[in-house]
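Topology and contacts: notes
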Amino acid sequence: MRRDIVHPGAGQLRYEIREIVSFARELGRWNVPITWENIGDPVKKGEPVAEWIKDIVRRRVMEDLSYAYSDTEGVRETREFLAGLANQRSLLNPLGAMECSAAPLVAEDIIFFNGLGDAVAKVFGFLRREARVLGPSPAYSTLSSAEAAHSGYDHLTYRLDPENNWMPDLEDVELKVKYNDAIAGLLLINPDNPTGAVYPVEVLTKLVAIAKKYGLFIIADETYANIVFPGNKTAALSQVIGDVPGLALRSISKEVPWPGARSGWIEVYNKNVDPQFSRYVQSLVDSKRLEVCSTTLPQLCIPDIMGDSRYSSHLERRAQMFAERADEAEDAFASVRGLRLIKPRGALYATALFDTKQFFDGKEAMRRLPVADKGLEDFITERTKNVAPDKRFVYWLLAATGICVVPLSGFVSELPGFRFTLLEQDKKKRTWIYKTLAEKAEEYLGSI
């Protein structure tokens, strides 16, 4: 073509969580049965949707309006309901000081999207290209890829410290912000994906203080806000943000769970504190108008589901369920040499880390796991020649066991390891998965 039509950030659009699927499918020619531990879909992994929630959806789907367009920003009544929930959270201020809470939200501060993937694409896509957002490493692929693609450069990251329960390295955050004036925003994920970390209130307030000091806005992915394991305390962005501009990203995909609804929203905080931030938020609304609206049915269901007296116990039960699975995973990895699991405190995942010195000993390109078929062995050997070392392990693991996990390098991390889900419903199979992951990782390290 006479002109280059490719966006400068096109090469940054990588999503390892699903890219690993295409590789796993290739193993079908050897009839390798796949156990999917890569994608956080509770329903696909067998978690039943509560009957009372299905009853609500059945009632709403019988209404003609559930088949109609909704307002561009979302169903008005649902936005009013969600603004009210955010304001209730602010009243439960964890610091006992209301000046830490955001100004009260109104319906106009809630904007619906077709899932948070859609929201993320627009949040980063409508930023000025020179305006960068600093995010955590390990990083969730949707967010890191979107930020990198919008800028055309590698995603800027701060360090999550595995020696401190995956807490943000606050000194690293501030130094990067201080000496790079291209950074306009600060991204946090709480509870975190992929690590399962849950940030204490003190950590959140320090991140907010950095944002305030350097004139940044905050993006908080709160997808897992209601999947915090018992005994762990945190806060929503609305409770700590004060007068700093910010966006909280929320969804029904993991907590109802209803991932196929593709229904997520942004809560906008302190929109009018800064005119540039206000104009930026308006650009997000304007972009939605080009699409008309987001899917109507799930929006109509949200107040009925979340406002139901059974919802709080529903959330408590699920948090306890995933906490118990985290305990099971911790036990399975406890005695493994060269590998450790920092027990997650929220969300739906666990991350296992290889001992860096043992893993990067100059022999990582020669390691392998035994597989049943010589043709499969040759295929994996060829396909793993030029991949990241932990991805190499993941490919051999797939061929040897059929268990599909995600390499930590796929989360913009230099630490070698892998992430798996806590979603398997069958306890016997779950025990096999955790035990096999631990044993095969240890075997892989000792395979030379």
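Look up a bit, the structure's there.
First, a word on what this report is: a plain description of the structure on this page. (Residues numbered from 1 in each chain as written. Predicted model: local features only at pLDDT ≥ 70, side-chain atom pairs only at ≥ 80, totals over all residues. Heavy atoms only, no water.)

Interaxial distance between helix α4 (residues 115–125) and helix α9 (residues 275–289) falls to 10 Å at its minimum, and their mutual angle equals 130°. Looking at the two axes, α4 sits oblique to α9. In terms of crossing hand, the pair formed by α4 and α9 is right-handed. From α4, Asp118, Lys122, Val123 and Phe124 reach across to α9, where they touch Tyr280, Leu284, Ser287 and Lys288. Taken together, the residues that form the contact of α4 with α9 break down as four nonpolar, one polar and three charged. (Axes fitted to C-alpha atoms, helices over the stretch in contact; angles between N-to-C directions. Helix = DSSP H or I, 4+ residues; strand = E, 2+ residues; numbered from the N terminus. Parallel < 35°, antiparallel > 145°, perpendicular 65-115°, else oblique. Left-handed = near helix turned anticlockwise from the far one by under 90°. Contact = heavy atoms within 4.5 Å. Nonpolar A, V, L, I, M, F, W, Y, C, P; charged D, E, K, R; others polar.)

Let us look at the sheet that holds strand β10 (residues 339–341). Each strand in a sheet pairs with another by means of backbone hydrogen bonds, the pair being arranged parallel or else antiparallel. Across the sheet, which stays open at both edges, the four strands sit in the order β10-β11-β14-β13 with antiparallel pairing between neighbours. Each edge of the sheet is formed by a strand with only one pairing partner; in this case those strands are β10 and β13 (406–407). Sheet analysis places β10 next to strand β11 (residues 349–354), joined by three bridges and oriented antiparallel. Counted as the bridge partner of arginine 340 is leucine 353 from β11. The strands touched by helix α15 (residues 427–445) within the sheet are β10, β11 and β14 (417–421), with β14 carrying the most contacts at an inclination of about 170°. (Pairing = 2+ DSSP bridges.)

Within the open sheet, the eight strands sit side by side as β2-β9-β8-β7-β6-β3-β4-β5. Their pairing is mixed. Every interior strand has two partners, whereas the edge strands, β2 (110–113) and β5 (167–168), have only one. The pairing of strand β6 (residues 183–189) with strand β7 (residues 217–221) spans five bridges and is classified as parallel. Bridging from a neighbouring strand, glycine 185 pairs with phenylalanine 217 of β7. Strands in contact with helix α6 (residues 170–178) are β3 (132–137), β4 (157–161), β5 and β6; relative to β4, the strand with the most contacts, it is inclined by about 170°.

A few words now on the state of the cysteines. Each disulfide is one covalent bond, formed between the sulfur atoms of two cysteines. According to the stated counting rule, one finds zero disulfides in the structure shown. Just so you know, cysteine 301 is unpaired, no disulfide at all, and the nearest cysteine sulfur is the one on cysteine 293, 15 Å from it. The buried category is assigned to cysteine 301, whose relative accessible area is 0%. (Disulfide = S-S within 2.5 Å. Buried < 20%, exposed > 50% of the residue type's maximum accessible area, 1.4 Å probe, protein only.)

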